[in-house]
Amino acid sequence: MYLLASAENIRELWIIPAMALFGILALCWENWPKRRPPTLCWRCGTLARREGGDYVCPNCGWTFEKDGRFRIPVRTSPISACRLRRYCAADFDTCVDIYRLNEPGRFPTGAQYIEEFSGELRDGRTLFVVCEVDGIVRGCGGIARIRERPDLVSLTYRMVHPSYHGKGFGTVMLLGRLSLLPTDGGATWIPCMATVDASAPFYARFGFSGRKFSDEAGSEFWNYFSCLNDADVERCRGSLADADVTNHCFGETVPLREQLVAKWTEVEPGKPEAS
Ligand SMILES: CC(C)(COP(=O)(O)OP(=O)(O)OC[C@H]1O[C@@H](n2cnc3c(N)ncnc32)[C@H](O)[C@@H]1OP(=O)(O)O)[C@@H](O)C(=O)NCCC(=O)NCCS
C-alpha cells in the first residue's frame, strides 16, 4: 500500500522539471535581446546597446539596467469621471491655487517655481491641459516638444488638487497629454520631466526612470525619462476611451518650444536609481 502511494507521488513529480523548464523559458523570453529594443542613454542621449542584462552607453560609458519603456500600470481602483480640455486664461487662479495647495512637500517652496509656473501658464508656449470634475478644474499639466530635439517631450507642472489625489486624475492627465503626440511618423518619443521624491514612484509605475539633481537652492529632483512609440500613444488613447473620461483635447497640437536651461547639479553622480 505504502509502495503504491509512493509510486503515485513519484509520477506526480513531473511537475517539478516542468516548472523548472517553464521558469527557464520565462527568463529567456524576458532577456531575449530582441525583446528589448535599444534605448537612449539617460545621461547623454546616445543610443545605448544591450550587454548582458544591462544597457551600456557607447558614448559616456554609463551602464544602466532599466529599459525605460513607457507602460500603463494596472490600476487597483477605477478612474473617476472627469473631462480633459485645453487650459484657458480663466483657469489661471484655480491652477495657481492647486499649485499652492500642493506646495508643502510636493513642490519646492520659494518664489522661483511658482513664478515659472505662472509664466508658463501665461506665455502659451506650453500646451496646458486641465482636468475638470463636475465642471471645476481639479488638475493641470503642460506638454511641449523641444525645438532643438523634437523627439524630446517636456511634461511640465503636473498636479492634482490634494483632495482629489488617488482618484485617477494624475493618470488621466499623463495619458491625456501623451495621447496628443502624433502617431503618423513612426517616431520614438522621449517624454521627460523633473519630479520630486514624493511623486517619483507614481511616474516610475509608468516606466519613467532617471537620475537625481539639485537646483541652486538645494531642492532635489529626479530628472525622469521614458520612451514610447506610436503603439504606446495609441494605448494611451485607448485607455482614456475605456475610462469614464471626456477628452476635448484630442486634435490639439503639441507646440515646439526652446529648451529651458536649468542649473542643476547631479546628486551622487553616475549612480542610477535604486530599483
Ligand atoms: C503625482 C500626482 C499627479 C498623482 O496624481 P493622482 O491623481 O493622485 O494619481 P492617480 O490617482 O492617477 O494614481 C494612480 C496610481 O498611482 C498611485 N500613486 C499616486 N501617487 C503616488 C505616489 N506619489 N507614489 C506612489 N504611488 C502613487 C495611486 O495609489 C494609484 O494606484 P492604484 O491605481 O493602485 O490605486 C499627484 O499626487 C499630485 O498632484 N502631486 C502633487 C504635485 C506633484 O508632485 N507633481 C509632480 C511634479 S513635481
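Placed above this text is the structure.
The structure contained in this document is the topic of the report that follows.

Quick look at the packing of helix α3 (residues 92–106) against helix α4 (residues 111–123) now. Put simply, α3 and α4 touch, their axes get as near as 11 Å, and they point 155° apart. Classified by the angle between their axes, α3 and α4 sit roughly antiparallel to one another. Considering the relative orientation of α3 and α4, their crossing is right-handed. Only Y113, I114, F117, S118, L121 and R122 of α4 make contact with α3, whose side of the interface consists of F92, C95, V96, Y99 and R100. Residues of the contact of α3 with α4, tallied by class, amount to 8 nonpolar, 1 polar and 2 charged.

Looking now at the site of the ligand. The immediate surroundings of the ligand are formed by 24 residues, with T76, G168, T171, A198 and S199 found nearest. Note that an oxygen atom of the ligand is positioned 3.3 Å from one of the side-chain N or O atoms of H165. In the environment of the ligand, an oxygen atom lies 2.8 Å from a nitrogen or oxygen atom belonging to the backbone of G170. Contact with the protein chains hides 85% of the accessible area of the ligand, taken as 900 Å² for the molecule alone. Sorting the residues of the shell around the ligand by element identifies α3, β8 (149–160), α5 (169–178), β9 (190–195) and α6 (200–204) as the ones contributing at least two each. Class assignment of the residues belonging to the shell around the ligand gives a composition of 9 nonpolar, 10 polar and 5 charged.

Bringing the sheet that holds strand β3 (residues 54–56) into the picture now. Within a sheet, each strand pairs with its neighbour through backbone hydrogen bonds, oriented either parallel or antiparallel. Spatially, 4 strands are ordered β1-β2-β3-β4 in an open sheet, and the strand pairing comes out antiparallel. Two strands in the sheet have a free side with no partner beyond their single neighbour: β1 (39–40) and β4 (63–64). Relative to β3, strand β2 (residues 47–51) is paired through 3 bridges, and the arrangement is antiparallel. By the bridge assignment, E51 is partnered in β3 with D54.

Looking now at the packing of aromatic side chains. The full count for this structure, using the stated rule, is 15 aromatic pairs. When the centroid spacing of 6.1 Å and the interplanar angle of 25° are considered together, the rings of F70 and F206 count as stacked. A residue pair is termed long-range when its members are at least 10 positions apart, and F70 in the loop between β4 and β5 (82–86) and F206 in the loop between α6 and β10 (209–214) qualify at 136 residues. On the accessibility criterion, F70 (5% relative accessible area) is buried. Relative accessible area serves as the criterion here: at 0%, F206 is assigned to the buried category. An angle of 40° between the planes, with centres 6.0 Å apart, marks the rings of F213 and W264 as tilted. Here F213, found in strand β10, pairs with W264, found in the loop between β13 (256–257) and β14 (265–266); they are 51 residues apart in sequence, far enough to count as distant. Judged by its relative accessible area of 28%, W264 falls in the partly exposed class. Taken together, the aromatic side chains of F70, F202, Y203, F206 and F208 make up a single cluster linked through ring pairs.

Where α5 meets helix α7 (residues 230–242), the closest approach of the two axes is 8 Å, and the angle between their N-to-C directions is 135°. By the angle class used here, α5 and α7 are oblique. Here the hand of the crossing between α5 and α7 comes out left-handed. Within the contact between the two elements, α5 uses V172, L175, G176 and L178 and α7 uses V233, C236, S239 and L240. When the residues that make up the contact of α5 with α7 are grouped by side-chain class, the tally is 6 nonpolar, 2 polar and no charged.

What follows covers the pattern of salt bridges. Applying the stated criterion across every chain yields a total of 15 salt bridges. The partner of D123 in a salt bridge is R125, with the nearest N and O atoms 3.1 Å apart. Each member of the salt-bridge network shares a partner with another, and the members are R83, R85, D91 and E132.

On the surface, I10, L13, W14, I15, I16 and M19 cluster together into a nonpolar patch covering about 670 Å² of accessible area. The element contributing the most residues to the nonpolar patch is helix α2 (residues 15–31), with 3 residues. Following the sequence through the fold, M19 ends up in helix α2.

The next subject is the pairing of strand β7 (residues 136–146). Taking burial as the measure, the 11 residues of β7 include 10 buried ones, the bulk of the element. The antiparallel pairing of strand β6 (residues 127–133) with β7 creates a hairpin that spans 2 residues between the two strands, and D134 there sits at a positive phi of about 50°. Strand direction decides the pairing type here: β7 and β8, joined by 7 bridges, are antiparallel. Residue R145 lies in a different strand from β8, and its bridge partner there is V153. Here β7 folds back onto β8 in antiparallel fashion, the turn holding 2 residues. Note: β7 against β13, 2 bridges, orientation parallel. If you follow I146 over to β13, its bridge partner there is R257.

What counts and how
- Residues numbered from 1 in each chain as written.
- Predicted model: local features only at pLDDT ≥ 70, side-chain atom pairs only at ≥ 80, totals over all residues.
- Heavy atoms only, no water.
- Axes fitted to C-alpha atoms, helices over the stretch in contact; angles between N-to-C directions.
- Helix = DSSP H or I, 4+ residues; strand = E, 2+ residues; numbered from the N terminus.
- Parallel < 35°, antiparallel > 145°, perpendicular 65-115°, else oblique.
- Left-handed = near helix turned anticlockwise from the far one by under 90°.
- Contact = heavy atoms within 4.5 Å.
- Nonpolar A, V, L, I, M, F, W, Y, C, P; charged D, E, K, R; others polar.
- Near = heavy atom within 4 Å.
- Polar contact = N/O pair within 3.5 Å; in protein donor to acceptor, adjacent residues only side chain to side chain.
- Areas by Shrake-Rupley, 256 points an atom, 1.4 Å probe, with all protein chains shown as cover.
- Pairing = 2+ DSSP bridges.
- Phe/Tyr/Trp six-rings, centres within 6.5 Å; stacked < 30°, edge-to-face > 60°.
- Buried < 20%, exposed > 50% of the residue type's maximum accessible area, 1.4 Å probe, protein only.
- Salt bridge = Lys/Arg side-chain N within 4 Å of Asp/Glu carboxyl O.
- Patch = residues over 30% accessible without salt bridge, like charges linked within 9 Å, V, L, I, M, F, W, Y side chains within 5 Å.

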